[in-house]
Each structure stands twice: as C-alpha cells, then as structure tokens.
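# Working through the structure, step by step
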Amino acid sequence: MGNETPARLPHVRTTSRAQSLKLKMLASQAVMRGLQRGLWRALSTGRCVQAAHGKEVSADVLDCSQPQYCNRLDTPLPDIPFVRSLNAEQKKLKEKEKGPWTKLTKEEKLALYRLSYELTYAEMSKSSNEWKTVIGAILYFLGFTGLVVWWQRLYVYGDVPQTLSQEWVEKQTKRMLDMRTNPVQGISTHWDYEKNQWK
Amino acid sequence: MATPLQLGFQDAASPVMEELVHFHDHALMVVYLISSFVLYIIITLVMMKLTNKHAHDSQEIEIVWTVLPAIILIVVALPSLRILYLMDEINNPHLTVKAIGHQWYWSYEYTDYKDLSFDSYMTPTQDLTPGQFRLLEVDHRMVVPTESPIRVLITADDVIHSWTVPSMGVKMDAVPGRLNQTTFIPSRPGVYYGQCSEICGANHSFMPIVIEAVPLKHFEDWSTSMLEFT
C-alpha cells in the first residue's frame, strides 16, 4: 500500500470526494511514518546523541568498494593502516622502523602505532554513558504510565463490589477455612484449628 | 476454590488430579532446567569477550543437541502417556449425572433411579449473604457421593459451553448435538467450584459449576429431598 496516486486523464473526473480523502489520509500517514523513522534514527544513531553518550563519531564518508579501516575488537589487523598518506616526518619514521626496533624511542613506537591504528584496545572497549539515558527513559515512561493509571482510578473506574470490603473478606476467609478449602498445601494448612489462629 | 493471587493449581480432590499435579511438578522441573541453561548460554554469549569468526562445523555438538532433546522428550512423554491411559481406564461408575449447558446456566439430571432434574443458576452478587463467593455460588449445587466413580454426560442446549471443575481435574466441552463423557472420583468431601470454559455469549462468565461431595448417606438424603421438592 504505498501512496501512489492513480493515473489521471485530464478530461475525465476519475477521483470522487471519498477517494481524494483516502489519498490525503494515505499521504499524511506516509508523512507521519517518515517523521517517526527520522525521529528514531536521530534519537538512536544520530551523531549528536552518540557523541553526548561519549562514543567516538567519525566525520568521513564511507566508500565501501575500497578496503576499509575499522576499529573492531574481533579484527586485530584491519585491511589497511589508519594513516595512508604519510608526510615527510612520518616517512622518515617508517624508514627507521625498517631497522632494529630496539633503537626506537617510546614516543616513536607510540607514533608508529598511531600511524597503523586509530584506537587502542582500551579505547575501543571503553564503555559509554548510553545506559543512563536508557534507564532514564524507562523510568520516565513508567512514571508516565503510573500517572495515567492513577488518573484512571480517580476519574474512570467505578466502585469495587461489596465482596471486596474488609468485613466480607474476613467472613469469606472464615468460610473457606470452615469448608476446608485446599487442605493439602493451601490455605487450610496455614490455619491452626485448635488454637483458632494462623500458624 | 482458588485463593487470591494464587499461581499454582488448587489442591487435588480426585486421584487423577493428584497424578496431574505430580506430572506438572515433574514437567516444570524439566522446563526450569532447560530455561536456566538457555538463560546461562544467552548471558554468556552477551558478556563474552572472545570471538571466533571462522567456525565451520562441529559434529560432536550437533550429535549432543539432537540426542539430548530426544531424551528429554522421552522423559516428559512417558509419564504423560501413563496418565493419559490412566484417565481412560474402565471404572464402572456408581452414578451417572447429565450436565446440560444453556445460555446461561447449567442443568443437571440424575436419572439412574428416578427422574431428578434441576437448574443451577449463579447467585447474583447483590443476593449473596456475607461470606459467599462472588460469581461462584449457585442456587442448586450438583451433589455427588464421595469415593465413588461418577460418570458425567455433558451436552448443551444452544451454543458450545464447557463443564469444568479444576480441583477434580475435569474439563469437557458441552457441544450441542453431541454427548461427551467424563468421569471423576471425589476423594474427600467438600465444595468444589468451576466456571464455564467456552465463550457462550454475554453471561459466559456468570454460569459457574459447583460440586458438593458428601458421604453416600447424605447424598441419598439430598436426592430424596430434591425429588420431593421438584
């Protein structure tokens, strides 16, 4: 069911009033669905939301026909190094790397690492603050539901039957004990018939 | 009858229901085992840091997860079939009662010796005396003798109803134009409640079934007095 309109001949009135109303309804439904989808996308995977949660956000455009660099815990060696085009200083460092590694300083080793990889394993597996938003939203909706239920109890529901009054329930319980309902494992086993009290 | 917020079965009032309760305990234990195992697997999957992207096949685990469910099914099926055949054993009932469903009441006929028949309407809530159970009490209960196999022939006058007493472990549809038979043995005296279990119109929730199981002497007194009354 999309929102395609039927083909129209210019000289023939093909749509009646009911049909045009239906088309308007379908169009507005499609608009609403599109808004909802966009809203959901913005909320869940939008860059501002992800950044607010403390996750890393990349600004580049992906060309998936080329080998990609990826920061993945289960892929220790991505297809390409992180920095493809080296400046002069980085090229010198790469030349030095071809020699014995014991001659490299700590800073040079770190620089070489950062040339091949964007993030360390520690940075990749860092947790985010998303859970706070999730818990907050859950509590918010629970609270809202509570408000709705309370309003319903006040303004919508009628009186409960007389059989739920304290007095009736007491008489009812006494009757259930007198007729020994559920005497194997149920209510009658919790009443002490000699002492006339609950066990 | 059930107590408020009750989750499990009512206590059994017949031998078949006792068997069903024990079987349910057994099957539920199997279900708990499987569910907790699956829950453990799911949590482990989610929390696991190791990844293997290159698994192809594994004959050993495939054999295990084919044979083990078969064994579990047999462990559940054998007691289940035992009870199924137990329920169908020949048992020579001492009494036959006909329960006929109408919109919206039950009528009972005891026609073994004399013709005794009466209707059983729900007591309306405003007519209850304090202590009676709302939506469960009826004006005329179905009285049966204890420790005797009772045969119940169930049918309906108009639409499909269903005659059930959970504590006896009995439920049978009342189908117009058809006679369904079920039997039960009340193990102990008492009053046992049930409710119509097939949607049958506006007052489907308001046509309960009440069985009063009494010693044989009391049953004979009751049937005599009912014959005089009706």
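Residues numbered from 1 in each chain as written. Chains lettered and ligands numbered in written order. Predicted model: local features only at pLDDT ≥ 70, side-chain atom pairs only at ≥ 80, totals over all residues. Heavy atoms only, no water.

### Some remarks on the overall build of chain A
Counting its secondary structure elements, chain A contains seven helices and two strands. Ordered by position from the N terminus, the helices and strands of chain A form the series α-α-α-α-α-α-α-β-β. With 199 residues in all, chain A has 15% of them scored as buried. Nonlocal contacts in chain A, meaning residues at least 24 apart in sequence, comprise 38% of its contacts between residues at least 6 apart. In the structure as shown, chain A presents an accessible area of about 16,500 Å², 59% of it carried by carbon and sulfur atoms. (Helix = DSSP H or I, 4+ residues; strand = E, 2+ residues; numbered from the N terminus. Buried < 20%, exposed > 50% of the residue type's maximum accessible area, 1.4 Å probe, protein only. Contact = heavy atoms within 4.5 Å. Areas by Shrake-Rupley, 256 points an atom, 1.4 Å probe, with all protein chains shown as cover.)

### Comments concerning the domain arrangement of chain A
Taken domain by domain, chain A comprises domain 1 (13-54), domain 2 (69-126), domain 3 (128-158) and domain 4 (162-199). For domain 2 of chain A and domain 3 of chain A, the distance between their C-alpha centroids amounts to 49 Å. (Domains from an automatic or database assignment.)

### Focus on the interface of chain A and chain B
If you look at the interface, chain A gives 19 residues, while chain B gives 22 residues. Interface of chain A and chain B: buried area, both sides summed, is about 1,700 Å²; carbon and sulfur atoms make up 58% of it. The tally of links from chain A across to chain B stands at two salt bridges. For Asp-74 of chain A, the salt bridge identified is with Lys-53 of chain B, shortest N-O distance 3.8 Å. Counting every contact that joins chain A to chain B gives 10 residue pairs in polar contact (both at pLDDT 80 or more). In terms of residue class, the side of chain A that touches chain B is made up of seven nonpolar, eight polar and four charged. (Buried area = accessible area lost by both parts, 1.4 Å probe. Salt bridge = Lys/Arg side-chain N within 4 Å of Asp/Glu carboxyl O. Polar contact = N/O pair within 3.5 Å; in protein donor to acceptor, adjacent residues only side chain to side chain. Nonpolar A, V, L, I, M, F, W, Y, C, P; charged D, E, K, R; others polar.)

### Here we look at the side chain of Asp-192 of chain A
Relative to the assigned elements, Asp-192 of chain A resides in strand S1 (residues 191-192). Among the polar contacts listed, one links the side chain of Asp-192 of chain A to the backbone nitrogen of Glu-194 of chain A, at a separation of 3.2 Å.

### As for the environment of His-102 of chain B
Residue and element names in this part refer to chain B. Note on placement: His-102 falls in strand S1 (residues 95-102). Placed 89 residues apart in sequence, His-102 and Val-191 show a C-alpha to C-alpha distance of 22 Å. Aside from chain neighbours lying at most four places away, what touches His-102 is Ser-107, Asp-157, Asp-158, His-161 and Met-207.

### Thoughts on the packing of aromatic side chains
What characterises a pair of aromatic rings is the spacing of the ring centres plus the angle enclosed by the ring planes. Counted under the stated rule, the structure contains 14 aromatic pairs over all chains. Seen from their ring centres, Tyr-113 of chain A and Tyr-117 of chain A are 4.9 Å apart, and the 40° between their planes marks the pair as tilted. Classification of Tyr-117 of chain A by relative accessible area gives partly exposed; the value is 23%. In textbook terms, an aromatic cluster arises when at least three aromatic residues are bridged by ring pairs, as seen for Tyr-108, Tyr-110, Phe-118, Phe-219 and Trp-222 of chain B. For Arg-175 of chain A, the ring lying beneath its charged end belongs to Phe-133 of chain B, and the centroid distance is 4.7 Å. Cation over ring: Arg-180 of chain A sits above Tyr-193 of chain A, and NZ or CZ is 3.9 Å from the ring centre. (Phe/Tyr/Trp six-rings, centres within 6.5 Å; stacked < 30°, edge-to-face > 60°. Lys NZ or Arg CZ within 6 Å of the ring centre and 35° of its normal.)

### Concerning the domain arrangement of chain B
All names here are of chain B. Parsing chain B into structural domains produces domain 1 (15-88) and domain 2 (95-229). Spacing between the C-alpha centres of domain 1 and domain 2 amounts to 39 Å. At the interface, four residues of domain 1 touch six residues of domain 2. Of the roughly 340 Å² buried between domain 1 and domain 2 on both sides combined, carbon and sulfur atoms contribute 56%. Looking only at domain 1, the three residues that lose the most surface to domain 2 are Pro-15, Val-16 and Met-17, adding up to 81% of its buried area. Put simply, domain 1 and domain 2 have zero salt bridges between them. Taken together, the connections running from domain 1 to domain 2 amount to zero residue pairs in polar contact (both at pLDDT 80 or more). For the side of domain 1 that touches domain 2, the residue count by class is three nonpolar, no polar and one charged.

### Re the packing of helix H3 (residues 88-97) of chain A against helix H4 (residues 106-116) of chain A
Think of two packed helices as two axes; the pair is described by the angle between the axes and how far apart they sit. All names here are of chain A. One can describe the packing of H3 onto H4 by two numbers: an axis separation of 11 Å at closest approach and a directional angle of 110°. Relative to H4, H3 is oriented roughly perpendicular. Each of Gln-90, Leu-93, Lys-94, Lys-96 and Glu-97 in H3 lies in contact with H4, whose residues at this interface are Glu-108, Ala-111, Leu-112, Leu-115 and Ser-116. (Axes fitted to C-alpha atoms, helices over the stretch in contact; angles between N-to-C directions. Parallel < 35°, antiparallel > 145°, perpendicular 65-115°, else oblique.)

### Here's the deal with unusual backbone geometry
Between Gln-103 of chain B and Trp-104 of chain B the backbone carries a cis peptide bond, its omega angle lying at 5°. Tracing the sequence through the fold places Trp-104 of chain B in the loop between S1 and strand S2 (105-110). Here the phi dihedral of Asn-196 of chain A falls at roughly 55°; this positive angle occurs in a residue that is not glycine. Considering the arrangement of structural elements, one finds Asn-196 of chain A in the loop between S1 and strand S2 (197-198). You will see that Leu-5 of chain B, though not glycine, has its phi angle at about 65°, which is positive. Relative to the elements of secondary structure, Leu-5 of chain B occurs in the segment before helix H1 (15-47). For Leu-5 of chain B, a relative accessible area of 86% gives the class exposed.

### Considerations on the environment of Arg-178 of chain B
If you trace the backbone, Arg-178 of chain B turns up in the loop between strand S7 (170-174) and strand S8 (180-184). Residues Arg-178 of chain B and Asp-157 of chain B, spaced 21 residues apart in sequence, show a C-alpha to C-alpha distance of 10.0 Å.

### Things to note about the UniProt feature "transmembrane region" (unreviewed entry) in chain B
Residues and elements named next belong to chain B. Per the UniProt record, the feature "transmembrane region" (unreviewed entry) sits at residues 27-51 and 63-85. Spanning residues 27-51, this segment combines 84% helix with 0% strand, and its end C-alpha atoms are found 36 Å apart. With 100% helix and 0% strand, residues 63-85 has end C-alpha atoms that lie 33 Å from one another. (UniProt positions renumbered as here; feature names shortened; annotations may be inferred.)

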